Amino acid sequence: MVEVHKVNGGGPTHEGNVYLILDEVPALIDAGMDAKATIKNIEKLIDPRRIEFIILTHCHHDHTAGIPALKEATGAKVLIGEGEVCDLGDDVATGSYLYQEEPAEFGVDGTLEEGDVINLGEWSLQVIQTPGHSPGSISLYEPRAKVLFSGDTLLPHGNIGRTRRSGEAVKDLVRSVERLAGLDVLVLYAGHMEPTDENVVEQMRTSLEFARTIH
Ligand SMILES: [Zn+2]
């Protein structure tokens, strides 16, 4: 039985969520900002060195600032969407300037694109490219468990992650939300807010309606 734990916490409230997937191959989704608190939470569950992958949904600072310390504590491989690599290390693209911080510096061990599958044992995460919130944002879907890690593309209770860009990016975002809203999802693990398993399909439909109003 695969377990998912939200392991960030103690950090700033705007910090992105960090999820620990406990499968045969343990993996983290995103890295948040307060790595110290995250590592403490992981240690309550497993030896951090057992974690093999840190999969980033996108490059934004509130999801990646914790990477250098988490990489050191886990020795895990860092994976990110192919279209997102060029924005790493850029204070505007990562939004690190919003926090008066330098962007996190780290190496990427592999890139992901549409259709890639990350096999964790019982679960196989399908990579879905969901541009809009950022150009190379990805979401991860587990079709058998009907679980979706949506990053900041789609958030619970009818919310979406905004884009600071306009024009084509907004169209991309609407298309991406449309794709995710078409999936059969029982549990939604988004980049912010608490995970939810209440009428997720309905919640996602509301997100889509909302996305269309900003289009
Ligand atoms: Zn973001």
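Coordinates for the structure precede this section.
Computed from a predicted structure; not experimentally measured. (Residues numbered from 1 in each chain as written. Predicted model: local features only at pLDDT ≥ 70, side-chain atom pairs only at ≥ 80, totals over all residues. Heavy atoms only, no water.)

**Student:** Would you mind going over a negative patch on the surface in detail, with residue names and values included?
**Tutor:** A contiguous patch of negative charge, built from Asp-90, Asp-91, Glu-102 and Glu-105, is present on the exposed surface. By the element assignment, Asp-91 lies in the loop between strand 5 (77-81) and strand 6 (110-112). (Patch = residues over 30% accessible without salt bridge, like charges linked within 9 Å, V, L, I, M, F, W, Y side chains within 5 Å. Areas by Shrake-Rupley, 256 points an atom, 1.4 Å probe, with all protein chains shown as cover. Salt bridge = Lys/Arg side-chain N within 4 Å of Asp/Glu carboxyl O. Lys, Arg positive; Asp, Glu negative; His and termini not counted. Charge placed at Lys NZ, Arg CZ, Asp CG, Glu CD. Helix = DSSP H or I, 4+ residues; strand = E, 2+ residues; numbered from the N terminus.)

**Student:** Summarise the coordination of the zinc ion; cite the residues concerned and give the values.
**Tutor:** Protein coordination of the zinc ion is provided by His-58 (NE2), His-60 (ND1), His-133 (NE2) and Asp-152 (OD), with donor distances spanning 2.2 to 2.4 Å. Coordination geometry of the zinc ion: the 4 donor atoms subtend angles of 87 to 174° at the metal centre, consistent with an arrangement described as irregular. Spacing between the donor residues of the zinc ion along their common chain follows H-x1-H-x72-H-x18-D. Remark: Asp-152 occurs in the loop between strand 10 (147-151) and strand 11 (154-155) and His-133 occurs in the loop between strand 8 (124-129) and strand 9 (138-142); sequence separation between them is 19 residues. The residues His-133 and Asp-152 share a single accessibility class, namely buried. (Donors = N, O, S within 2.8 Å, 3.2 Å for Na, K, Ca; no water. Tetrahedral: all angles 85-135°; square planar, octahedral: opposite > 155°, others 65-115°. Buried < 20%, exposed > 50% of the residue type's maximum accessible area, 1.4 Å probe, protein only.)

**Student:** Account for the sheet that holds strand 1 (residues 3-6), naming residues and giving values.
**Tutor:** Reading across from one edge, 1-2-3-4-5-6 is the order of the 6 strands in this open sheet, with mixed pairing throughout. Whereas interior strands pair on both sides, the edge strands pair on one side only; in this sheet they are strand 1 and strand 6. Neighbouring strand axes in the sheet, compared pairwise and without regard to direction, differ in orientation by 25° on average. Taken together, the 3 bridges between strand 5 and strand 6 define a ladder with parallel strand orientation. Bridge pairing in strand 6 links Leu-79 to Gly-110. Here helix 3 (residues 67-74) sits on the sheet and contacts strand 3 (27-29), strand 4 (53-56) and strand 5; the angle it forms with strand 4, its principal contact strand, is near 160°. (Pairing = 2+ DSSP bridges. Axes fitted to C-alpha atoms, helices over the stretch in contact; angles between N-to-C directions. Contact = heavy atoms within 4.5 Å.)

**Student:** Could you give an account of the side chain of Asp-62, naming the residues involved and the relevant values?
**Tutor:** With respect to the element layout, Asp-62 can be found in helix 2 (residues 61-64). Judged by its relative accessible area of 7%, Asp-62 falls in the buried class. With sequence-adjacent residues up to four places away left out, Asp-62 is seen in contact with His-14, Glu-15, Gly-16, Gly-32, Met-33, Tyr-99, Asp-152 and His-192.

**Student:** Tell me about the environment of Ala-104, and please be specific about residues and values.
**Tutor:** Looking at the secondary structure, you find Ala-104 in the loop between strand 5 and strand 6. Ala-104 sits 89 residues away from Glu-15 along the chain, and the two C-alpha atoms are 14 Å apart. In this structure, Ala-104 is in contact with His-61, Thr-64, Ala-65 and Pro-68, ignoring residues within four places of it in sequence.

**Student:** Describe the packing of helix 4 (residues 168-181) against helix 5 (residues 200-214), listing the residues and the values that go with them.
**Tutor:** Two elements in contact, helix 4 and helix 5, have axes separated by 9 Å at closest approach and are oriented at 165°. By the angle between their directions, the pair helix 4 and helix 5 is classed as roughly antiparallel. The handedness of the crossing between helix 4 and helix 5 comes out as left-handed. Contacts between helix 4 and helix 5 involve Val-170, Leu-173, Val-174, Val-177, Glu-178, Leu-180 and Ala-181 on the former and, on the latter, Met-204, Ser-207, Leu-208, Ala-211, Arg-212 and Ile-214. In terms of residue class, the contact of helix 4 with helix 5 is made up of 10 nonpolar, 1 polar and 2 charged. (Parallel < 35°, antiparallel > 145°, perpendicular 65-115°, else oblique. Left-handed = near helix turned anticlockwise from the far one by under 90°. Nonpolar A, V, L, I, M, F, W, Y, C, P; charged D, E, K, R; others polar.)

**Student:** Which residues make up the pattern of salt bridges, and what values do they have?
**Tutor:** Tallied over the full model, the rule gives 9 salt bridges. Taking the shortest distance from any N to any O, the salt bridge between Arg-175 and Glu-168 comes out at 3.6 Å. The partly exposed category is assigned to Arg-175, whose relative accessible area is 45%. A network of salt bridges, in which partner residues are shared, links Glu-168, Lys-171, Asp-172 and Arg-175.

**Student:** Give me the packing of aromatic side chains: which residues, what numbers.
**Tutor:** Scanning all chains against the criterion turns up 3 aromatic pairs. With a centroid separation of 5.1 Å and an interplanar angle of 70°, the aromatic rings of Tyr-19 and Tyr-189 are classed as edge-to-face. Note that Tyr-19 is positioned in strand 2 (residues 19-22) and Tyr-189 in strand 13 (residues 187-190), a separation of 170 residues in sequence. You can call Tyr-19 buried: its relative accessible area is 2%. An angle of 15° between the planes, with centres 5.1 Å apart, marks the rings of Phe-149 and Tyr-189 as stacked. Here the residue Phe-149 occupies a position in strand 10, and Tyr-189 occupies one in strand 13, the gap between them amounting to 40 residues. The exposure class of Phe-149 is buried, given its relative accessible area of 1%. Here the aromatic cluster, defined as three or more aromatic residues joined through ring pairs, consists of Tyr-19, Phe-149 and Tyr-189. (Phe/Tyr/Trp six-rings, centres within 6.5 Å; stacked < 30°, edge-to-face > 60°.)

Any functional reading would require information beyond the geometric quantities listed.
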